[in-house]
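Here is how the chains run, residue by residue.
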Amino acid sequence: AELPVVICRGEAVLKNPSNREIADHLGFNKGIDHTHLRDVVIVGAGPAGLAAAVYAASEGLGVLVIEASSPGGQAGSSSRIENYLGFPTGISGRELAGRAYAQAQKFGAEVMIAKGAAELACEHNSYGVRLDDGVTIPARTVVIATGAQYRRPSLANLDQFEGAGVYYSATFMEAQLCDGDEIIIVGGGNSAGQAAVFLAQSARHVHLLVRSGSLSATMSRYLIRRIEETPTIQIKTRTEIVALEGNGHLERVRWRDGTGTVTSQNIKHVFLMTGAEANTGWLNGRVALDAKGFIKTGWDLTQEDLTAARWPLDRSPYLLETSLPGVFAVGDVRCGNVKRVASAVGEGSIAVSFVHRALAG
């Protein structure tokens, strides 16, 4: 129960610490003024949030990025992104996030690590982002880039095996854990496809479980072709996991196919990449959301949305603006987003032009 143990510079020993405790002991957020009013506070350091930070800071705005975990978002867990412009041989999500993080800091953006947003406060002519430790960061404008998180299947003992055979990302660390083993990947999107191709290099056999009848509607063609060309990857359509079994660590998996047949197999590693839900719970209804919980912006906002939000301005919301003037949403958290890294980066950079307008207005 005390693992992991973290020894911080020989000065402190932390037993099973939170990310926030580690960040505080290592001084990641040292020197950041919590009371200073920034031109823009960006919540989330995925590709969209980091892009917004780079462009805003490079144009002279005062920028603070708040990230609950580590920079990169869902893209940071991708083993290899091959369809991002300018990287013909691909780049890992971790490396892309690292470069963007360094670039944002180079231009003067401040980045607060392991501090989650708990509430969006509206205070007179400015906003405030209340952190999970109770501190409120004032802001003239806000860019919400909190992204989405993978859905968790309804399996009775899923919690028991998370980190002990069940994983939500496929990085080099996970590849080493399942070297030479048989594995299961659940999901039909690009993240699942990238994981299958990557892990097939080290795993003995990859079972790709998909609930739908095919991959064509949810996965890029280049990934489908790569999967079809890899003999160690087997696609199982209309199939889902029904049970996880093991003592301390995952040992066996049972799945049911489209005919109702249940198969049990000794497999110790399952990767879950099963769609995503928006990280908007912390907003507590302060901005208009669609039926699935994603943030509505620009043209997606109806007159009823604006009336309910008491939109105070004569103009309509800008392209990426929410039902609160000066509050923007970009990337996977936004209603109607295109789930591509390039799209997230584009939205983050475009949002800054509207931030300038909001600040000038």
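Here the residue numbers are simple positions, counted from 1 along each chain's written sequence. Predicted model: local features are reported for residues with pLDDT of at least 70 only, side-chain atom pairs are reported and counted for 80 or more only, and whole-chain, interface and lining totals are derived from all residues. Heavy atoms throughout the structure, all of them, feed into the side-chain values; hydrogens and water do not.

J.: Could you clarify how one ought to interpret the overall build of the protein chain in this entry?
T.: Each helix is a run of DSSP H or I of at least 4 residues and each strand a run of E of at least 2, with the numbering of both proceeding from the N terminus. In terms of regular secondary structure, the protein chain is built from nine helices and 19 strands. Here the C-alpha radius of gyration of the protein chain, 22 Å, is about what a compact globule of 361 residues would show, namely 21 Å. Each principal axis of the C-alpha distribution contributes one length, and for the protein chain these read about 60 × 55 × 40 Å. By the burial criterion, 49% of the 361 residues in the protein chain qualify as buried. Working definition of accessibility: Shrake-Rupley area with a 1.4 Å probe, residue cover restricted to the visible protein chains. Carbon together with sulfur atoms contributes 49% to the accessible area of the protein chain, which is approximately 17,400 Å² in total. A residue counts as positive if it is Lys or Arg and as negative if it is Asp or Glu; His and the chain ends are not included. Lys charges are placed at NZ, Arg charges at CZ, Asp charges at CG and Glu charges at CD. Of the charged side chains in the protein chain, 34 are positive and 36 negative, and the gap between their average positions amounts to 3 Å. Here the globule rule reads 2.2 Å times residues to the power 0.38, and the radius of gyration is calculated from C-alpha atoms. Accessible area is worked out with a 1.4 Å probe on protein chains only. A residue is then buried under 20% of its type maximum, exposed over 50%, and partly exposed in between.

J.: Help me understand the pattern of salt bridges, please; the structure alone is not making it clear to me.
T.: Two side chains that carry opposite charge are able to pair once their charged atoms sit near each other. Here, a salt bridge means any Lys or Arg side-chain nitrogen found within 4 Å of an Asp or Glu carboxyl oxygen. Enumeration over the complete set of coordinates arrives at 22 salt bridges. Ionic pairing is found between E2 and K15, a salt bridge with its closest N-O pair at 4.0 Å. Taken together, the positions of E2 in the segment before β1 (5-8) and K15 in strand β2 (residues 12-15) put the pair 13 residues apart, joining distant regions of the chain. Between E321 and R315 there is a salt bridge, and its shortest N-O distance comes to 2.8 Å. Overall, the relative accessible area of 0% leaves E321 in the buried class. Via salt bridges that share partners, E245, E251, R252 and R254 belong to a single interconnected network.

J.: Sorry if this is basic, but what is going on with the side chain of K115 here?
T.: Mapped onto the elements, K115 comes out in the loop between β5 (110-113) and β6 (117-123). For K115, a relative accessible area of 7% corresponds to the buried category. It only takes one pair of heavy atoms within 4.5 Å for two residues to be counted as in contact. Residue contacts for K115: discarding those within four places in its chain leaves R20, D24, N29, I66, E67, A68, L131, D132 and D133.

J.: For this particular structure, what's the right way to read the environment of S69?
T.: Counting through the fold element by element, S69 comes out in the loop between β4 (63-67) and α3 (93-106). Along the sequence, S69 and A114 sit 45 residues apart, while their C-alpha atoms lie 4.6 Å from each other. Apart from residues no more than four positions distant in its own chain, S69 is found in contact with N19, I113 and A114.

J.: Looking at this structure, how should I read the packing of helix α2 (residues 47-58) against helix α9 (residues 341-360)?
T.: The axes of two packed helices give the description: the angle between them and the distance between them. Every axis in this analysis is a line fitted to C-alpha atoms, fitted for helices over the stretch in contact. Angles between the N-to-C directions lie between 0 and 180 degrees. For the pair α2 and α9, interaxial distance at closest approach is 7 Å and the crossing angle is 35 degrees. Every pair of crossing elements has a handedness; the one defined by α2 and α9 is right-handed. Only V341, A344, V345, G348, S349 and V352 of α9 make contact with α2, whose side of the interface consists of P47, A48, A51, A52, Y55 and A56. Each residue is assigned to one of three groups, with Ala, Val, Leu, Ile, Met, Phe, Trp, Tyr, Cys and Pro labelled nonpolar, Asp, Glu, Lys and Arg labelled charged, and all others, Gly among them, labelled polar. Residue composition of the contact of α2 with α9, grouped by class: 10 nonpolar, two polar and no charged. Should the near helix be turned anticlockwise from the far one by less than a right angle, the crossing is left-handed, and should it be turned clockwise, the crossing is right-handed.

J.: For this particular structure, what's the right way to read the pairing of strand β13 (residues 233-237)?
T.: Every regular strand shows the same layout, with side chains that alternate between the two sheet faces. By the convention used here, strands pair only if DSSP detects at least 2 bridges between them. The pairing of strand β12 (residues 205-210) with β13 spans five bridges and is parallel. Of the residues in β13, the one forming a bridge with L208 is I235. When the strands point away from the viewer and the connection leading from the first strand across the helix to the second strand turns clockwise, the crossover is called right-handed. In this fold, β12 hands off to helix α7 (residues 221-228), which returns the chain to β13; that crossover is right-handed.

J.: Looking at this structure, I do not really get the sheet that holds strand β17 (residues 269-272). What am I missing?
T.: The strands making up a sheet associate through backbone hydrogen bonding, with each pair oriented either parallel or antiparallel. The five strands lie next to each other as β10-β17-β11-β12-β13, forming an open sheet whose pairing is parallel. The strands lining the two open edges of the sheet, one partner per strand, are β10 (166-167) and β13. Note: strand β11 (residues 182-186) against β17, four bridges, orientation parallel. The residue of β17 that forms the bridge with I183 is H269. Sheet strands in contact with helix α6 (residues 190-199) are β11, β12, β13 and β17, and its direction is about 165 degrees off that of β11.

J.: Looking at this structure, how should I read the sheet that holds strand β16 (residues 262-265)?
T.: Strand order in the open sheet formed by three strands is β14-β15-β16, with antiparallel pairing between adjacent strands. Of all strands in the sheet, those bounded by a partner on one side alone are β14 (240-246) and β16. For this sheet, the mean angle separating the axes of adjacent strands, direction not counted, is 20 degrees. Two elements, strand β15 (residues 250-256) and β16, share four bridges in a ladder whose sense is antiparallel. Counted as the bridge partner of V253 is Q265 from β16.

J.: Explain the nonpolar core to me, please; I cannot follow it from the model alone.
T.: Nonpolar side chains in soluble globular proteins tend to end up buried together. Side-chain atoms within 4.5 Å link the members of a nonpolar core, which is a set of buried Ala, Val, Leu, Ile, Met, Phe, Trp, Tyr and Cys residues. Of all hydrophobic cores here, the largest spans 32 residues; its most connected members are I42, V63 and V143. Only β3 (38-43), α2, β4, α3, β5 and α9 provide two or more residues apiece to this core. The element contributing the most residues to this core is α2, with seven residues. Leave out the neighbours within four places in its chain, and V143 touches V40, V41, I42, V43, A52, F328, V330 and V355. By size, the runner-up hydrophobic cluster in this structure holds 27 residues, among which are A170, A192, L199 and L208.

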